[in-house]
Amino acid sequence: MRKLIILKTVIDFIWILSCIPILILGFAFSIYMFFNTEILELTRFAGMESEAPVWQKQLFIIVGYGIICGFIYVIFLFRKSLRLFQQRKPFDSYVIETYNKMGKILIGLSIASMIGIFIIRIVFTSKIEFTLGLSPYLLIMSLGLFFMVLSEAFKIAKQAQQDSELSI
């Protein structure tokens with residue numbers, strides 16, 4: 001139980017100090033960049049040339065902000081499911097559905113991120129790059145698959161628990 005409390009504390013710490021400010025500041029920046037396009041000169045895409053038209057930069061920032069919001073939503077769902085673990089309800093149907101949803105969202109976000117980075121590289125550098133090896137997008141996809149497998153394991157465990165209660 002102590003490890004669960006530590007995990008919940010770390011996730012709450014990340015939520016308060018990172019996720020909430022990113023949501024607020026990202027939303028403010030996304031609105032402000034349409035009124036003052038000079039602020040886009042401050043933004044830099046990693047290793048990309050900044051000679052792209054303003055509308056492309058705005059589009060990429062909006063899409064990137066949407067992807068970040070998806071990751072923040074996954075952290076929010078994880079926080080909610082940890083509360084049920086603290087209440088000693090690990091096989092609750094909400095936890096099972098949430099883990100499956102988190103897995104699907106993470107897989108979708110990793111695919112969207114891969115495609116987005118690929119398109120950004122084509123637009124800004126006019127090059128097509130493929131890198132083989134360990135990629136954060138593959139790790140995020142693996143994490144999504146892990147949550148989906150965990151959801152199935154909890155579903156099986158819940159069914160076994162219900163069967164054992166009926167046999168008594």
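Preceding this section is the structure that the text describes.
Residues numbered from 1 in each chain as written. Predicted model: local features only at pLDDT ≥ 70, side-chain atom pairs only at ≥ 80, totals over all residues. Heavy atoms only, no water.

Novice: Whenever I open this one, the environment of Q161 confuses me. Can you help?
Specialist: Positionally, Q161 belongs in helix α4 (residues 136–167). Distance from Q161 to F91, taken between C-alpha atoms, is 9.0 Å for residues 70 residues apart in sequence. (Helix = DSSP H or I, 4+ residues; strand = E, 2+ residues; numbered from the N terminus.)

Novice: Is there a simple way to think about the state of the cysteines in this case?
Specialist: A covalent bond bridging the sulfur atoms of two cysteines is what the word disulfide describes. Per the stated rule, a full pass over the model turns up zero disulfides. You can see C69 has no disulfide; the closest cysteine sulfur is in C19, sitting 10 Å from it. (Disulfide = S-S within 2.5 Å.)

Novice: Would you mind going over the environment of K80 with me for this structure?
Specialist: When you line up the elements, K80 lands in helix α2 (residues 54–86). The exposure class assigned to K80 is partly exposed, which follows from its relative accessible area of 28%. Sequence spacing of K80 and F35 is 45 residues, and the spatial spacing of their C-alpha atoms is 37 Å. Polar contacts involving the side chain of K80 include one to the side chain of Y94, which spans 3.4 Å. (Buried < 20%, exposed > 50% of the residue type's maximum accessible area, 1.4 Å probe, protein only. Polar contact = N/O pair within 3.5 Å; in protein donor to acceptor, adjacent residues only side chain to side chain.)

Novice: How should I be thinking about helix α3 (residues 93–125) in this particular structure?
Specialist: Two residues of an α-helix separated by three or four positions point the same way, owing to the 3.6 residues in each turn. Taking 1.5 Å per residue as the helical rise, α3 with its 33 residues ought to reach 48 Å, and the 47 Å between its terminal C-alpha atoms agrees with that figure. A positive phi of about 55 degrees marks S126, the residue just after α3. (Expected span 1.5 Å × (residues − 1).)

Novice: How should I be thinking about the packing of aromatic side chains in this particular structure?
Specialist: Aromatic rings in a pair are described by how distant their centres are and how their planes are angled relative to each other. This model, assessed by the stated rule, comprises nine aromatic pairs. For the pair F85 and Y99, a centre-to-centre distance of 6.4 Å together with 25 degrees between the ring planes defines the contact as stacked. Taken as a pair, F85 in helix α2 and Y99 in helix α3 lie far apart in primary sequence, 14 residues in all. When the centroid spacing of 5.7 Å and the interplanar angle of 90 degrees are considered together, the rings of F91 and F154 count as edge-to-face. Of this pair, F91 sits in the loop between α2 and α3 while F154 sits in helix α4, and the two are 63 residues apart along the sequence. You can call F154 buried: its relative accessible area is 14%. Taken together, the aromatic side chains of F78, F85, F91, Y99, F146, F147 and F154 make up a single cluster linked through ring pairs. (Phe/Tyr/Trp six-rings, centres within 6.5 Å; stacked < 30°, edge-to-face > 60°.)

Novice: Even after reading the chapter, I still don't get the packing of helix α1 (residues 2–35) against α2, so can you show me in this structure?
Specialist: Helix-helix packing is characterised by the crossing angle of the two axes and by the distance between the axes. Closest axis-to-axis distance for the α1/α2 pair is 9 Å, and the angle between their directions is 155 degrees. Considering the angle they form, α1 stands roughly antiparallel to α2. For the pair α1 and α2, the sense of crossing is left-handed. A per-class count over the contact of α1 with α2 returns 23 nonpolar, four polar and four charged. (Axes fitted to C-alpha atoms, helices over the stretch in contact; angles between N-to-C directions. Parallel < 35°, antiparallel > 145°, perpendicular 65-115°, else oblique. Left-handed = near helix turned anticlockwise from the far one by under 90°. Nonpolar A, V, L, I, M, F, W, Y, C, P; charged D, E, K, R; others polar.)

Novice: Explain the pattern of salt bridges here, please?
Specialist: Oppositely charged side chains are able to pair whenever their charged atoms sit close together. Overall, the coordinates contain three salt bridges when judged by the stated rule. With a shortest N-O distance of 3.5 Å, K155 and E152 are connected by a salt bridge. Of the two residues, K155 and E152 are both situated in helix α4; the distance of three residues between them amounts to about one turn of the helix. Here K155 falls in the partly exposed class, since its relative accessible area comes to 43%. With a relative accessible area of 40%, E152 lands in the partly exposed category. (Salt bridge = Lys/Arg side-chain N within 4 Å of Asp/Glu carboxyl O.)

Novice: Please clarify how the side chain of S110 should be interpreted in this entry.
Specialist: Along the chain, S110 falls in helix α3. On the basis of relative accessible area, S110 is assigned to the buried category, the value being 0%.

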